[in-house]
Amino acid sequence: MKLLCVDIDAVYRDIISLYAEKEGMAVKIESEFDAARSSFREFMPDIVIVGVVSELEQSFALLHALKAASGDRFTPIICLSDHATNAVMDRCFQSGADDFISKPFNEGLFHIRLKTHLRHIHLMKEMYRKNKALTYYQTMIEREHEMAHHVLDHIQGRSEKNSQYVAITRLSAASFNGDLALVKTRSDGARLVFVGDFTGHGLPASIGALPIMQAFFDAVDDLLKIEVLAEKMNRILLNILPDYMFCAGYLIYMGRDGDILYWGGGMPNALIRRTNGEMDYLRSTHMPLGILPASEFEGKLEANQLSTGDTLIIVSDGVLELKNSEGLMFGDEKALQLIQTAYAEKDLIKAQYHTEKVLADYRGESAQLDDITLVALRC
Amino acid sequence: MSITVAVDEPNDCVIIRVLGSFDFSLFNDFRAAYTDLSTTYERYIIDMSQVEYLDSAALGMLLSMRNAIDLPAQIELKGANDFIKNILMISRFDKRFEIQ
C-alpha cells in the first residue's frame, strides 16, 4: 500500500509519515501541489493526504485533478485543513475529497482514521479482483455454451426434417442444458427416436451427446434392436461420464403399423393423444442411462400401439417446469390439456406451432430457464 | 449455510440437512458433508424436508455420494415433498436409496 502526502507544514508531514510507516505503507512526501500532481501519476498511491492551503481555489483544483487522474481506481483523498468551516468542507467534498480532518488533530484519531480507510481500500481491491475474475469466468462459460450449442446443432442436423409424421421443437434457453432429440427412419420404414436430457449445463452436458448420437445413427443403419441400443448407450455413458452425470431418456421404436416398443429412464410420462381425444401414456420405468453398471442394467421394454392419426408427444421437463411471470410452473395438468386440444389439429406442423405459441404466451416476459424440447410423432 | 451436518454417535448415524434449492451450487458443500467426516457410519440420512427444489445435478450429487459410501451403509432420503419425491421416483432412486 502506498500513501502520498502533500502538505506545506513539515510537522504534519512527519506525523503522517510516522503513522503510515507504522501501517507498513510506502510513503511519498511532497510540499508543493505541482510536485504532488506528478507524484500521483508516477507513484500511483492507494490513498492521498492533502493539506488544504489558504489559497483555497488552488486546493480545490488539486483535488479535482487528483480525482480525475485516479479514474476507475478507488483512491480515497483525505483533506487536512485549519480552515474547517462548513463552506470549505463542502467545497472539498465536492471537489473529490473522501474525508476531512481539521488541524490541529489528535494523532491517535488520525491513526484510527487511516486504518479505517486502509480497510476500505482492501475491501475495494478484493472486490475489483473478484469482479475481474468473475467477468473472466462468465465470458469463458458463455463461449463454452456457444460451443456446446454448436456441437448439438450439428448433431440435430442429422435428424429427420419436420413432416406430417415427425415434428421436433427445440427452444434453447440462454444457458444450454443438454436436451437431445433424434428421429430417423430406418431402411425398413420403422422409425427410431431418442429424446434425452443430460444432467448439467453447457459443455459438460454436450460431451455425452456425441457418442450417443453416433450409437443412435449406427443403430438406424444396422437395424439394431432398441434393447441392445439402450444397453450400449448406458455402457458408453457409464464409461465416459463422471458418476454425478447421467442422461434421462426415451428410446422408442415405432414400426410402420404404429407398433411401439420403448425403453424409458428418468423421464416424465410421454403422452399419446388418440384421434378420439383419449389420452394414454408412455412411462419411464428405469434409472436414467449412465448410472447402473452393465451387470445391473435393465433393458426391459414396454409396448404400446398407435393407430392412424394418433400422436405421441414427448416433452422434456423444461416444458413442465416452464415458469410464467408469476413464477408458477406450467405443470403436468396444463401440459395434458394443451396436448389434448392442440393435437386435435389434422396438420401436425400446425399443431406443433400452436403448442409452441401457447408455451411462449404462458412464459410471457419471464426468462426461459431450461431448454424446451417437444417431439411429436404421428402414425 | 444451506447444508448442515449432525452426527448421532449412539445410533451410528449422520444426518445431512439440505435447505432451499438443492442444485449444482451445493456441489462442493454437499460432497464435503460426507467426505469431511472422520469416520464412516452405518446410516446416512439426507433430510430433505426443507428442500424446495431439486434439479438433475442434485440427483447426480446423490449418486456420487452413493458411490463414495461403501455398502452395506444405507443412505436414506427423508422428508421430501411430493414434487421432489416424484422426481426421485421417476429416476428410480428407490433402487439405490431408501426413500421415506
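From a predicted model like this one, the values you see are computed outputs, not experimental measurements.

### A short note on the overall build of chain A
Within chain A, the secondary structure is distributed over eleven helices and 15 strands. The C-alpha atoms of chain A give 34 Å as radius of gyration, which overshoots the globular expectation for 379 residues (21 Å, by more than 25%). Projected onto its principal axes, the C-alpha positions of chain A cover 100 × 45 × 30 Å. Of all 379 residues assigned to chain A, the portion counted as buried reaches 38%. Partitioning the contacts of chain A with sequence separation of at least 6, the portion at a separation of at least 24 is 66%.

### Considerations on the UniProt feature "domain: STAS" (unreviewed entry) in chain B
Following the UniProt record, one finds the feature "domain: STAS" (unreviewed entry) at residues 3-100 of chain B. The distance from the first to the last C-alpha atom of residues 3-100 of chain B is 19 Å, and the span holds 32% helix and 36% strand.

### Regarding the pairing of strand S4 (residues 77-81) of chain A
All names here are of chain A. The element S4 is largely enclosed, with a buried count of five among its five residues. Pairing between strand S3 (residues 47-51) and S4: four bridges, direction parallel. Of the residues in S4, the one forming a bridge with Gly51 is Leu80. Crossover handedness for the path S3 to helix H3 (residues 56-70) to S4: right-handed. Both S4 and strand S5 (residues 99-102) contribute to a ladder of four bridges, which runs parallel.

### Here's the deal with the UniProt feature "domain: Response regulatory" (unreviewed entry) in chain A
As recorded in UniProt, the sites labelled "domain: Response regulatory" (unreviewed entry) are residues 2-118 of chain A. In residues 2-118 of chain A, the share of helix is 52% and the share of strand is 21%. The end C-alpha atoms are 10 Å apart.

### A few points about the sheet that holds strand S5 (residues 98-99) of chain B
Residues and elements named next belong to chain B. Judged by pairing direction, the sheet is mixed, and its five strands sit side by side in the order S1-S2-S3-S4-S5 without closing on themselves. Only two strands of the sheet have a single neighbouring strand rather than two, namely strand S1 (3-8) and S5. The sheet contact formed by strand S2 (residues 13-22) and strand S3 (residues 43-54) spans nine bridges and is parallel. Opposite Ser21, over in S3, you have Tyr53 as the bridge partner. Packed on one face of the sheet, helix H1 (residues 27-35) meets S1, S2 and S3 and runs near 10° to S1.

### What about the sheet that holds S4(A)?
Residues and elements named next belong to chain A. Taking strand neighbours across the sheet as the criterion, the five strands line up as S2-S1-S3-S4-S5 in an open arrangement whose pairing is parallel. Two strands lie at the open edges of the sheet, namely strand S2 (26-30) and S5, each paired on one side alone. For this sheet the average axis-to-axis angle between neighbouring strands, irrespective of direction, equals 15°. Where strand S1 (residues 2-6) and S2 come together, five bridges link them in parallel fashion. Counterpart to Leu3 in the pairing with S2 is Val27.

### Quick look at the interface of chain A and chain B
Contact with chain A, which involves 14 residues of that partner, is made by eleven residues of chain B. For the side of chain A that touches chain B, the residue count by class is eight nonpolar, five polar and one charged.

Calculation criteria
- In this numbering scheme, every chain counts its residues from 1 along its sequence in written order.
- Chains and ligands are labelled by the order in which they are written, letters from A for the one and numbers from 1 for the other.
- The predicted nature of this model means local features are confined to residues of pLDDT at least 70 and side-chain atom pairs, given and counted, to a pLDDT of 80 or more, with totals for whole chains, interfaces and linings taken over all residues.
- Numbering of helices and strands starts at the N terminus; helices are DSSP runs of H or I of at least 4 residues and strands are runs of E of at least 2.
- C-alpha atoms define the radius of gyration, and 2.2 Å times the number of residues to the power 0.38 defines the globule rule.
- The burial criterion counts other C-beta atoms lying within 10 Å of a residue's C-beta, which is placed from the backbone; the residue is buried at 20 or more, exposed at 12 or fewer, and partly exposed between these limits.
- Here the contact rule is simple: place C-beta atoms from the backbone, and any two residues whose C-beta atoms are within 7 Å are in contact.
- UniProt positions are given in the numbering used here, feature names are shortened, and annotations may be inferred rather than shown by experiment.
- For two strands to be treated as a pair, DSSP must find at least two bridges joining them.
- Crossover handedness is defined by viewing with both strands directed away from the observer: a clockwise path from the first strand over the helix to the second marks the crossover as right-handed.
- Helix axes use the C-alpha atoms of the stretch in contact, all axes being lines fitted to C-alpha atoms, and the angles between their N-to-C directions lie in the range 0 to 180 degrees.
- Any residue outside Ala, Val, Leu, Ile, Met, Phe, Trp, Tyr, Cys, Pro, Asp, Glu, Lys and Arg is labelled polar, Gly included; the first ten of those are nonpolar and the last four are charged.

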